[in-house]
Number of protein chains: 2
Amino acid sequence: MNVSPQHSPEPAAAADIPASAPGTRLDPWLSHYAERTYGMKASEIRALFAVANRPEVVSLAGGMPFLAGLPLETISEVTAKLLSERGAVALQYGSGQGEESFREQILEVMREEHIRAHADDVIVTTGSQQALDLVTRIFVDPGDVVVAEAPSYVGALGVFRSYQADVVHVPMDANGLVPEALEHTLSELAAEGRTVKLLYTVPNFHNPGGVTLSAERRPQIVEIAQRYGVLILEDNPYGLLGFDSDPLPALHTYDPDGVIYLGSFSKTFAPGYRVGWAVAPHAVRERLVLAAESAILCPSMMSQMSISTYLATCDWRGQVKEFREVYRERRDAMVSALAEYLPMASWTNPAGGFYTWVRLPEGLDAQDMLPRAVTELVAYVPGTAFYADDQGKQFMRLSYCYPTAERIREGVRRLAGVVTSELELVQMFGTSGTTGGRGVHAPAPDQN
Amino acid sequence: MNVSPQHSPEPAAAADIPASAPGTRLDPWLSHYAERTYGMKASEIRALFAVANRPEVVSLAGGMPFLAGLPLETISEVTAKLLSERGAVALQYGSGQGEESFREQILEVMREEHIRAHADDVIVTTGSQQALDLVTRIFVDPGDVVVAEAPSYVGALGVFRSYQADVVHVPMDANGLVPEALEHTLSELAAEGRTVKLLYTVPNFHNPGGVTLSAERRPQIVEIAQRYGVLILEDNPYGLLGFDSDPLPALHTYDPDGVIYLGSFSKTFAPGYRVGWAVAPHAVRERLVLAAESAILCPSMMSQMSISTYLATCDWRGQVKEFREVYRERRDAMVSALAEYLPMASWTNPAGGFYTWVRLPEGLDAQDMLPRAVTELVAYVPGTAFYADDQGKQFMRLSYCYPTAERIREGVRRLAGVVTSELELVQMFGTSGTTGGRGVHAPAPDQN
C-alpha cells in the first residue's frame, strides 16, 4: 500500500520509526546502506496524513499555498506562447547555475525586501529545499553542529539529519531567536570544542513558530555569528507575505559575506514548478554550482522560463498583495477561533506567513492526541516534528494557508472538542508528565 | 565573469583544477567546507566550453538532444489546456515519490523495453541525474568502492566522487563490459577486503563508449554481481534510441531484486522538464523516497503533468521513431566523415544513442589538443573526463546528437586538420609518451 501523502508540502516529519518498519525486515540490501541512511526516518504521522488528506478532514497540518487565486487563464496563455515561440530552448538543458536573465529577475524580487546582490551570486535550485540540501552538503561533515531555532523547519531538520549533523536548538521568544541564548549556546559549544558550521534561521513569519525576528535583534544575531565565525543560513520563503508592515531588513543585508540567503517562488507564486534560489558569497556560490550540477545537472529550463514569463508579463506584485490579503483573513479566522474555542491553550499571533504555534494546556501531548483528532476529522502537525531532540510534546503547528476561513473555524472547533476530552482524561488520571520543553513561549491568549 | 556553459548537458567534466582556481583564494569560508566538497572539482574545459558554445564552433562535445523535431505547437496547446483546466493541481506541491498515474505511464514506456515493474516501485526524480545522486547517497559511505565501466559517464563519476567513493574501472570491448574482467576485479577487491557497493553500468549505447552490452553477456554480468553481492545500478537513458534492432533485455529483467534501474525522458522527449525515474527493490525504494523528500520535497508537478499529458495525447512512440531516424542519419554522417578524414584514428560504431568514442593515433593527447581544436572552431570532450583515474588521454568523445549531418562532416574535417598538425609535431619531436590506457578497444576503421 502506498501511504505517501498526496500533495505533501513537507518531507516526512521527524518522528522515529521502530526498526521493524514495514518492508525493512525483508530488505535484501539492509546491510549495504550508507551510514547516513540510518538517519533518514519515515514519519509515524505519514499514515495519518494519508487519512488527513480525505476531504472530510479539516487539515490544519499542511503548508500548501492557496493557488485558486492565481490567474490560471493568463498563465495558460503566456505558457502556450512560450512553448510555441521558444519551446526548443525551454525544453532543452540549461546552465547549472540557472539562466542569467532569470537570475536578474530574482534580484528584482529580492529588491522588494531591500536585498542587494549580483546575478552572478544567485543560483537557481529545485525549490529552496534543494538549496538547503546543497548548502548542507558542501559544509557539513558528520558530527558537525548546526544551530537552529527551537522549534525549527521540519524539512531543514531532515536535511541536517541526513548529513549526520548534530542540531543544537536555541530558544525563541515572541521576537524570534533570542540573542543572549544564541551567544550562550555558541560559547558553550566553543568551550566543548565543537565545530559549528551553520546557524539556520527563518527570521520572517517562522515555520512553525509564527514569530518574526525583531528589527533590533537582526544586527545582534549577525554580530554574534560573525564573532563566532559561524555562517548564517537565512531561509526566507515567506518574507513578502507580511500582513501589517513592510519587510524588515534581511540578515543578508548586514553581512553578505557571512550569510547564505534562500528564497523561493513556492509561496509567492506556485510550488509546482519547484523553483527556489540561494544567494551566496562568490566563492561559496562556485561550490554550490558544482554540487548542484552533480545533483541534477541543471534546474528545469521550462520551470525557469515559465516563472520568468509570469514575472515579466503578469502583475506579480499585485498577486502577492492578493495572497497577503487571503492569508491575513485566514490568520484572523485562526486566532479568533482559537480565542473562542481554545482559551485553555496559548499561541503565537503571526504577522505574516502560514503558521501559528500552539501550546496545549499542561499535561497534554500533541503527538498522542493526533489519532483522536484525525478521528474527529481535524489534523495538525505535532510539535515534536520540529525538534531534533525530544522537545515539543505540548505544542502543535496549525496552518491557516490552505483551508477557507470557515473551514479553519470548524477545524479549531473540532480540535477544541478533542482537547476538552483529553483534558478530562488528564484531570481524571493525572498529567502525563510531559511539559513541553524549550520553544516559543507564546503570549497568553488575551494578548492575541 | 560567468563561465558556466550555457545549455551544458553534463556537469563539469572530471579534470582537476589547481587549488588556486579563481575566487578560491579569497574565500572566507575556505576552512569550513565539508570534506566531500574538496572532491567536487570544476572542469578546466569549462572555460573552453563557454567558447565552444559560440555559433561558429562546431560542437561535437555536448549531449543536447535534437528538439527542433518536437511538435511544439501541439505541446503548447495541450499544456495550455492542462494549465487552464488543472492548473491549481499542476502548480501545487505533489507527493515525494511522484504522481501515481504518471508512474503508471512510466511503466508503459518501460514496457517498450520489456521491463516489468510495479508503479509502487517507481520513483520520479529531477532527471535521472538526481536518481544517481540519491542512490549513491543512500548506499555509499566514504571509501566504499563503486565499480564502473572504463570509460564511464562523466556525470556519474562526479556523483561518486562527491560521496567520496573510490571508483574502480573495468574494461569494455566492442560488446560492452567484459564479464571476465568484472569477475577478476570483484575477486581482487574481495581479496583486498574492500566494500563494493554498486556496479554502475550503461548497457545500451554507452556514454561515452558508444558500445552496447551484448545479449549473451547480460545474464553473465547479473550472475557475477549476484555472486559477489553487488547491487547493479543500470543507467539507461538511450535504450529506446537504437538504430538497428529491438532493445535487448535490461539487466533489471534478469534480477529485479538486484538491480536499480534508471530511466529518463531527457533523450526520448525533452530534458527541459528535468524528469527521470528509478525503479528499485521495494525496501530500497522506501529509502530513496525519504532521501528524495529530504533533497527536494517532491518532483515538479507541472513537469510531471506536462509529460503525462504529452504521453497521453501525442504520438510519443512515433516521435521516438523520428528521433531514431535523425540520430541514425547523424551517426552515419559521423562515421563516414571519420573514415574519410580521420583514417589514422579508430572509433566505435554506435548502434544507437548519441556518442562515438575515438582513439587518436599514438602519441596524441586529446586534452592537450583541445585548445587548438577550439581555435580551429571544433569542440569535443577529451577522454580523461570519463575516468576516475588518469586514463583516457588518447581518447575523445564525439557526439552527433545535436549538429546537422553537414555540420558534423565539417566538424570532423576541422578536427582532422588539428590531428594532422599535431601528428606532424609528434613526428618531429617524438611522442608525448601517453598511451591511452584501458578503455574501449575500438575496432579498426575499416570495420566501421
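Nothing here was measured: the structure is a model prediction, and the numbers come from that model.

Further remarks concern the overall build of chain A. Broken down by element type, chain A carries 13 helices and 14 strands. Relative to its full complement of 448 residues, chain A shows a buried share of 65%. In chain A, the proportion of contacts linking residues at least 24 apart, taken out of those at least 6 apart, comes to 79%. Summing over all exposed atoms, chain A offers an accessible surface of approximately 14,900 Å²; the carbon and sulfur share of this is 52%.

Before going further, it helps to examine the side chain of Asp27 of chain A. The topology assignment puts Asp27 of chain A in the segment before α1 (46-52). Within the buried set, Asp27 of chain A has no salt-bridge partner at all; the shortest N-O distance to an opposite charge, 4.6 Å, is to Arg287 of chain B. Within the structure, the side chain of Asp27 of chain A is placed 2.9 Å from the backbone nitrogen of Trp29 of chain A, a separation counted as a polar contact. At a separation of 2.4 Å, a polar atom in the side chain of Asp27 of chain A contacts the side chain of Tyr33 of chain A. Aside from chain neighbours lying at most four places away, what touches Asp27 of chain A is Tyr33 of chain A together with Ala283 and Val284 of chain B.

Let us now look at the confidence of the model for chain A. If pLDDT is low for a region, its predicted coordinates should not be looked at in detail. Residue and element names in this part refer to chain A. Counting all residues, the mean pLDDT for chain A is 90, and 89% of those residues have values of 70 or more. For the stretch residues 11-24, pLDDT sits under 50, and the model shows 39 contacts to residues farther than four places along the chain or on other chains. Within the model, pLDDT remains below 50 along residues 442-448, and this stretch shows 15 contacts once partners closer than five positions in the same chain are excluded. Taken together, the chains of this predicted complex give a pTM of 0.92 and an interface ipTM of 0.92.

This paragraph deals with the sheet that holds strand β14 (residues 395-399) of chain B. Residue and element names in this part refer to chain B. Strand order in the open sheet formed by four strands is β10-β11-β14-β13, with antiparallel pairing between adjacent strands. Of all strands in the sheet, those bounded by a partner on one side alone are β10 (346-347) and β13 (381-382). Where strand β11 (residues 355-359) meets β14, five bridges bridge the pair, whose relative direction is antiparallel. Opposite Arg359, over in β14, you have Phe395 as the bridge partner.

Attention shifts here to the UniProt feature "domain: Aminotransferase class I/classII large" (unreviewed entry) in chain A. Mapped onto this structure's residue numbering, the UniProt feature "domain: Aminotransferase class I/classII large" (unreviewed entry) falls at residues 73-415 of chain A. In this annotation, residues 73-415 of chain A is assigned 45% helix and 17% strand; the end-to-end C-alpha distance for the span is 38 Å.

Take the interface of chain A and chain B next. The interface is formed by 104 residues belonging to chain A together with 104 residues belonging to chain B. In total, about 8,300 Å² of surface goes out of reach between chain A and chain B, with carbon and sulfur atoms giving 56% of it. Of all residues in chain A, the largest losses of buried area upon contact with chain B belong to Trp29, Leu91 and Tyr93 of chain A, amounting jointly to 10% of the total for that side. Summed over the shared surface of chain A and chain B, the result is two salt bridges. A salt bridge links Arg137 of chain A to Asp133 of chain B; its shortest N-O distance comes to 2.9 Å. Linking chain A to chain B there are 42 residue pairs in polar contact (both at pLDDT 80 or more). Elements with a minimum of two residues in the side of chain A that touches chain B: α2 (72-90), α3 (100-111), α4 (127-139), α5 (154-162), α9 (282-296) and α10 (301-313) of chain A.

Inspection of every chain in the model, using the stated rule, returns 30 aromatic pairs over all chains. Centre to centre, the rings of Phe265 of chain B and Trp277 of chain B are 5.0 Å apart; their planes meet at 55 degrees, and the pair counts as tilted. Of this pair, Phe265 of chain B sits in the loop between β8 (259-264) and β9 (276-279) while Trp277 of chain B is found in strand β9, placing the two residues 12 residues apart along the sequence. Classification of Phe265 of chain B by relative accessible area gives buried; the value is 3%. Judged by its relative accessible area of 3%, Trp277 of chain B is buried. Each ring, one from Phe323 of chain B and one from Tyr327 of chain B, has its centre 6.1 Å from the other, and the planes form 20 degrees; the classification is stacked. In this pair, Phe323 of chain B and Tyr327 of chain B are both assigned in helix α11 (residues 316-341), four residues apart and thus about one turn of the helix distant. Take Phe323 of chain B and Tyr327 of chain B: they sit in the same class, and that class is buried. Members of the aromatic cluster, connected to one another through ring pairs, are Tyr238, Phe323, Tyr327, Phe354 and Tyr355 of chain A. Note that Arg330 of chain A overlies the ring of Phe66 of chain A, its terminal NZ or CZ placed 4.3 Å from the centroid.

Superposition record for chain A on chain B: RMSD 0.0 Å, screw rotation 180 degrees, translation along axis 0.0 Å. Both copies of the chain, as the preceding transformation shows, are related through a two-fold rotation axis. If distances are taken from each C-alpha of chain A to the rotation axis, the shortest is found for Ala80 of chain A, at 2.7 Å. A share of 100% of interface residues in chain A that are also interface residues in chain B marks the association as one of identical surfaces.

Residues and elements named next belong to chain A. Here α4 crosses α5 at 30 degrees, and the two axes come no closer than 10 Å. Here α4 is positioned roughly parallel relative to α5, judged by the angle of their axes. In this structure, α4 crosses over α5, and the sense of that crossing is right-handed. Residues Gln129, Leu132, Asp133 and Thr136 of α4 touch α5, and the partners they reach there are Gly155, Ala156, Val159 and Phe160.

With that settled, consider α10 of chain A. In this model α10 of chain A runs 18 Å from its N-terminal to its C-terminal C-alpha over 13 residues, within 8% of the 18 Å that 1.5 Å per residue would give. Burial runs high along α10 of chain A: 11 of the 13 residues are buried. Among the residues making up α10 of chain A, those that are buried are Met301, Met302, Ser303, Gln304, Met305, Ser306, Ile307, Ser308, Thr309, Tyr310 and Leu311 of chain A. Each element contacted by the buried residues of α10 of chain A is listed here: α2, α3, β2 (122-125) and α11 (316-341) of chain A together with α10 (301-313) of chain B. Where α10 of chain A begins, the side chain of Ser300 of chain A points an oxygen toward the backbone nitrogen of Met302 of chain A, at a separation of 3.3 Å.

Cut-off values and rules
- Residues numbered from 1 in each chain as written.
- Chains lettered and ligands numbered in written order.
- Predicted model: local features only at pLDDT ≥ 70, side-chain atom pairs only at ≥ 80, totals over all residues.
- Heavy atoms only, no water.
- Helix = DSSP H or I, 4+ residues; strand = E, 2+ residues; numbered from the N terminus.
- Buried < 20%, exposed > 50% of the residue type's maximum accessible area, 1.4 Å probe, protein only.
- Contact = heavy atoms within 4.5 Å.
- Areas by Shrake-Rupley, 256 points an atom, 1.4 Å probe, with all protein chains shown as cover.
- Lys, Arg positive; Asp, Glu negative; His and termini not counted.
- Salt bridge = Lys/Arg side-chain N within 4 Å of Asp/Glu carboxyl O.
- Polar contact = N/O pair within 3.5 Å; in protein donor to acceptor, adjacent residues only side chain to side chain.
- pLDDT = per-residue confidence, 0-100.
- Pairing = 2+ DSSP bridges.
- UniProt positions renumbered as here; feature names shortened; annotations may be inferred.
- Buried area = accessible area lost by both parts, 1.4 Å probe.
- Phe/Tyr/Trp six-rings, centres within 6.5 Å; stacked < 30°, edge-to-face > 60°.
- Lys NZ or Arg CZ within 6 Å of the ring centre and 35° of its normal.
- Least-squares fit on C-alpha atoms with pLDDT ≥ 70 in both.
- Axes fitted to C-alpha atoms, helices over the stretch in contact; angles between N-to-C directions.
- Parallel < 35°, antiparallel > 145°, perpendicular 65-115°, else oblique.
- Left-handed = near helix turned anticlockwise from the far one by under 90°.
- Expected span 1.5 Å × (residues − 1).

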